Amino acid sequence: MSFAKWIGGALGWSFGGPIGAIIGLALGSFVDNLTDSGTPLIGDRQAGKQRDTYRKTPNYGQRTTRPQTQSGDFEVSLLILASIVIKADGKQDQRELDFVRQQFTNMYGKDRANKAFELFKRITKQNISTRQVCLQIKQMMDHASRLQLIHFLFGIAKADGLVTEDELRQIYTITGYLGISNRDFESIKAMFYNSSDNAYKILEIDKSVSDAEVKKAYRGMAKKYHPDRVGHLGKEHQEGAEAKFRQVQEAYEHIQKERGFK
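Per-chain numbering applies: the sequence of each chain, read as written, is numbered from 1 onward. With pLDDT at 70 or above as the cut-off, local features in this predicted model cover only qualifying residues; side-chain atom pairs require 80 or more to be listed or tallied, and sums for whole chains, interfaces and linings still use all residues. For the side-chain quantities, the full set of heavy atoms in the structure was used; hydrogens and water were omitted.

For the chain, the name recorded in an unreviewed UniProt entry is DnaJ like chaperone protein, with Winogradskyella pacifica as its organism.

Pasting the structure below:
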């Protein structure tokens, strides 16, 4: 499968708008470089049409219904947001880049991951409006999938062993633009830090709550983070969802042991 056909297949609801413009510019750059090197990926006329198509910006803001997010939509959104977070501290750490490549390899397989990472490197060279991109994602992507995006972004930031203040602020900003509550942000954030009250933060409760409230919170969080909530994204995204779900279970088990109840 050629690069152009792959990215064409990856674009679903992200066809157009600021995301479409970003992908169009990255794809156009890729095609131009291959053509300049004497290795055209697709015909010049076809390349021009694809670049023009992806740069179109329809008034997606008027849509009133949210289509179901597909794997390709999630993939493209992930590439763009990851590029924003990686540049947050003013440098691109190789460990973070390796984390992105490895995660994509785990999810999509080597061939597709290589194509995604090639696109990712070109996206990182662009100046991207975090607000515009996030507002498009917020409008078009379901809540469970947006939570999964934030979990992945924390994983990228922590790949070098430390989430910097710049990275944390950037993820917090993205969270707000995506319409994710501060409680959800703190819950996912707690999954990547070690502190005595992290288990409570993951379950979005305070240490002072009763045992009954702990159980109720766990049931609610288990439902919110259950891997089936992102089943529509395909099996390739189930592993990340399952990891998040396990962290909720482990937090509950930690509190159970601490309080001595079953």
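From this point, the discussion proceeds with the structure in view.
So, on to the packing of aromatic side chains. Only Phe, Tyr and Trp rings are paired, with Trp represented by its six-membered ring, and only when their centres lie within 6.5 Å; those with planes under 30 degrees apart are stacked, over 60 edge-to-face, the remainder tilted. Counted according to the given criterion, the structure contains seven aromatic pairs. Note on F99 and F152: the rings are 5.9 Å apart at their centroids and 50° apart in plane angle, and the pair reads as tilted. Of this pair, F99 sits in helix 5 (residues 94-108) while F152 sits in helix 8 (residues 143-158), and the two are 53 residues apart along the sequence. Here's how the labels work: a residue is buried when its accessible area is under 20% of the maximum for its type, exposed when over 50%, partly exposed in between, all with a 1.4 Å probe on protein chains only. Residue F99 is classed as partly exposed on the basis of its relative accessible area of 23%. Overall, F152 belongs to the buried group, its relative accessible area being 9%. With 4.1 Å between their ring centres and 10° between their planes, Y218 and Y252 make a pair best called stacked. Pair noted here: Y218 is in helix 12 (residues 211-224) and Y252 is in helix 13 (residues 238-259), with a separation of 34 residues, a long-range link. With a relative accessible area of 18%, Y218 lands in the buried category. On the basis of relative accessible area, Y252 is assigned to the buried category, the value being 10%. Over the ring of Y193 we find K189; its NZ or CZ atom is 5.6 Å from the centre of that ring. Every helix listed is a DSSP run of H or I at least four residues long, and every strand listed is a run of E at least two residues long, numbered separately from the N terminus. Put simply, a charge is over a ring when the Lys NZ or the Arg CZ is close to the ring centre, within 6 Å, and near the line of the ring normal, within 35 degrees.

It is at 11 Å that the axes of helix 8 and helix 9 (residues 165-177) come closest, and there the two elements cross at 170°. The pairing of helix 8 with helix 9 is recorded here as roughly antiparallel in orientation. For the pair helix 8 and helix 9, contact is made by I150, L153, F154 and A157 and by E167, L168, I171, I174 and T175, respectively. Side-chain classes follow a simple rule in which Ala, Val, Leu, Ile, Met, Phe, Trp, Tyr, Cys and Pro form the nonpolar group, Asp, Glu, Lys and Arg form the charged group, and the remainder, Gly included, forms the polar group. Partitioned by chemical class, the residues of the contact of helix 8 with helix 9 number seven nonpolar, one polar and one charged. A fitted line through C-alpha atoms represents every axis, and for helices the fit uses only the stretch in contact; the resulting angles, taken between N-to-C directions, go from 0 to 180 degrees. Every angle not falling under 35 degrees, over 145, or within 65 to 115 is termed oblique; those three ranges are roughly parallel, roughly antiparallel and roughly perpendicular. Throughout, a residue-residue contact means that at least one pair of heavy atoms, one from each residue, lies within 4.5 Å.

Along the chain, pLDDT gives the predictor's confidence residue by residue, from 0 to 100. Across the chain, the average pLDDT comes to 78, with 77% of residues at 70 or higher. Low pLDDT (under 50) marks residues 34-64, which in the prediction has 48 contacts with non-local residues, meaning those over four places away or in another chain.

Two numbers describe how helix 12 lies on helix 13: the axes approach to 10 Å, and their chain directions differ by 170°. Considering their axes alone, helix 12 and helix 13 lie roughly antiparallel with respect to each other. Residue-level inspection shows D211, V214, K215, Y218, M221 and A222 of helix 12 in contact with helix 13, the latter providing F245, V248, Q249, Y252, I255 and R259. Taken together, the residues of the contact of helix 12 with helix 13 break down into eight nonpolar, one polar and three charged.

Before going further, it helps to spend a moment on the side chain of Q148. Its place among the elements puts Q148 in helix 8. Residues within four places of Q148 in sequence aside, it is in contact with F74, G240, A241 and K244.

For the rest of this paragraph, the subject is unusual backbone geometry. Even without being a glycine, E204 presents a positive backbone phi close to 60°. Turning to its location among the elements, E204 is positioned in the loop between helix 11 (198-202) and helix 12.

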